[in-house]
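Understanding the architecture of this molecule
As a plain string of letters, each chain reads:
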Amino acid sequence: MASDAETGGRGRVLRELAAGAGLVAGRELRAIFDSAIAYIYGGVFLVLSGTTFMNAFFLEGVVDMSPWFEVLPFLLIPFVPAITMRSWSEEHAQGTVELLLTLPLEPLQVVAGKYAAALLYFVVVIAGSLPIVAMLAWLGEPDLGLILSGYLGALLLGALFLASGQFLSSLTHNQIVAFVLAAMVAFLLVFSGHPRVVEILDGLAPAWQPGTWLAESVSCLPHYQAFTGGLVGLDHLLYFALLCAFFLWMTRIGLQRLKY
């Protein structure tokens, strides 16, 4: 009986947390889609990614979506920080963060709600590339399993950049500063695993191999490329899950200090 009561209590707590996060997410989604800038960001991103893909498609003539996934990490470096830069810095600048924290909500609910809204917007934008999949299916027989794993990698990569961007936005009142910091972190996470960067860094200190260490231990690029190559491994999933959880938890700690 005690075990059932504890299970029921945990279930009630989780439902309350989800309900509070859902309220915040709804508020954030209305703010996102009521703003013209969200449509501009999404449109520009899809045009750039689609143009890059079509150039590679006509040059190579291969029924494959790999060129789109290859360029995606580099396009997300400025795109995701543009989504997250106002998430918390605008709340700080307008003084609404204190009002938000006076509501009967836990900081974790607020963080999860804002993050869920940003992630849903990101999914909607990425879904705008599905006509490319339809075109490839009409023209030939693409590897749909490979495309699906590529989309999973894209979702996890975006989730990581959104989590880090939200954390960095919570540290400043200035949206431009939040954008620059988030773009720098995304840049480091991607380019620290780029083969040329790894080669240069290893050449500077052959005995230590710093480039290889950064690529294997820090960079998100090898993990993302594993998904685009069709390899869905537990270690790659854990990399993204743990880093997302770390950044969101750090954001929650900062808000907890503001509230109390």
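Below is a summary of the structure that appears in this document. Note that the coordinates shown come from a computational prediction; the quantities given were computed from them, not determined experimentally. (Residues numbered from 1 in each chain as written. Predicted model: local features only at pLDDT ≥ 70, side-chain atom pairs only at ≥ 80, totals over all residues. Heavy atoms only, no water.)

Looking only at helices and strands, the protein chain features 13 helices and 0 strands. The N-to-C order of helical and strand elements in the protein chain reads α-α-α-α-α-α-α-α-α-α-α-α-α. Taking all 260 residues of the protein chain together, the buried fraction comes to 43%. Residue pairs at least 24 apart in sequence account for 78% of intrachain contacts in the protein chain once pairs closer than 6 positions are excluded. Entry remark: accessible area of the protein chain is about 13,600 Å², with carbon and sulfur atoms responsible for 70%. (Helix = DSSP H or I, 4+ residues; strand = E, 2+ residues; numbered from the N terminus. Buried < 20%, exposed > 50% of the residue type's maximum accessible area, 1.4 Å probe, protein only. Contact = heavy atoms within 4.5 Å. Areas by Shrake-Rupley, 256 points an atom, 1.4 Å probe, with all protein chains shown as cover.)

This brings us to the packing of aromatic side chains. How two aromatic rings sit relative to each other is given by the distance of their centres and the angle of their planes. All chains considered together, the criterion is met by 12 aromatic pairs. Between the aromatic rings of Trp68 and Tyr151, the centroid separation amounts to 5.9 Å while the plane-to-plane angle is 45°, which identifies the pairing as tilted. One end of the pair, Trp68, is in helix H3 (residues 66–84); the other, Tyr151, is in helix H8 (residues 144–169), with 83 residues separating them in the sequence. Here Trp68 matches Tyr151 in class, with each residue buried. A cation over a ring is seen here: Lys114 above Trp88, with NZ or CZ 4.8 Å from the ring centre. (Phe/Tyr/Trp six-rings, centres within 6.5 Å; stacked < 30°, edge-to-face > 60°. Lys NZ or Arg CZ within 6 Å of the ring centre and 35° of its normal.)

Before going further, it helps to examine the environment of Arg196. Within the element layout of this structure, Arg196 appears in helix H10 (residues 195–204). Here the alpha-carbon distance between Arg196 and Gly211, two residues 15 residues apart in the chain, equals 9.4 Å.

A few words now on a nonpolar patch on the surface. A cluster of nonpolar side chains, contributed by Leu120, Val123, Val124, Leu152, Leu155, Val232, Leu234, Leu237, Leu238 and Leu242, occupies part of the molecular surface with about 810 Å² of accessible area. Of all elements in the fold, only helix H6 (107–127), H8 and helix H13 (234–259) reach the threshold of two or more residues within the nonpolar patch. Considering each element in turn, the nonpolar patch owes the most residues, 4 residues, to H13. According to the relative accessible area criterion, Leu155 is partly exposed, its value standing at 33%. (Patch = residues over 30% accessible without salt bridge, like charges linked within 9 Å, V, L, I, M, F, W, Y side chains within 5 Å. Salt bridge = Lys/Arg side-chain N within 4 Å of Asp/Glu carboxyl O.)

Here the structure, examined in full by the defined rule, presents 2 salt bridges. Among the salt bridges present, the one from Lys114 reaches Glu28, with a minimum N-O distance of 2.9 Å. One end of the pair, Lys114, is in helix H6; the other, Glu28, is in helix H1 (residues 2–33), and 86 residues separate them in sequence. Assessed through its relative accessible area of 2%, Lys114 is described here as buried. We classify Glu28 as buried; its relative accessible area is 6%. A single salt-bridge network, built from bridges that share partners, covers Arg27, Glu28 and Lys114.

Looking now at the side chain of Ser129. Turning to its location among the elements, Ser129 is positioned in the loop between H6 and helix H7 (130–139). Polar contacts involving the side chain of Ser129 include one to the main-chain carbonyl oxygen of Ile126, which spans 2.7 Å. Residues within four places of Ser129 in sequence aside, it is in contact with Leu46, Met65, Trp68 and Tyr151. (Polar contact = N/O pair within 3.5 Å; in protein donor to acceptor, adjacent residues only side chain to side chain.)

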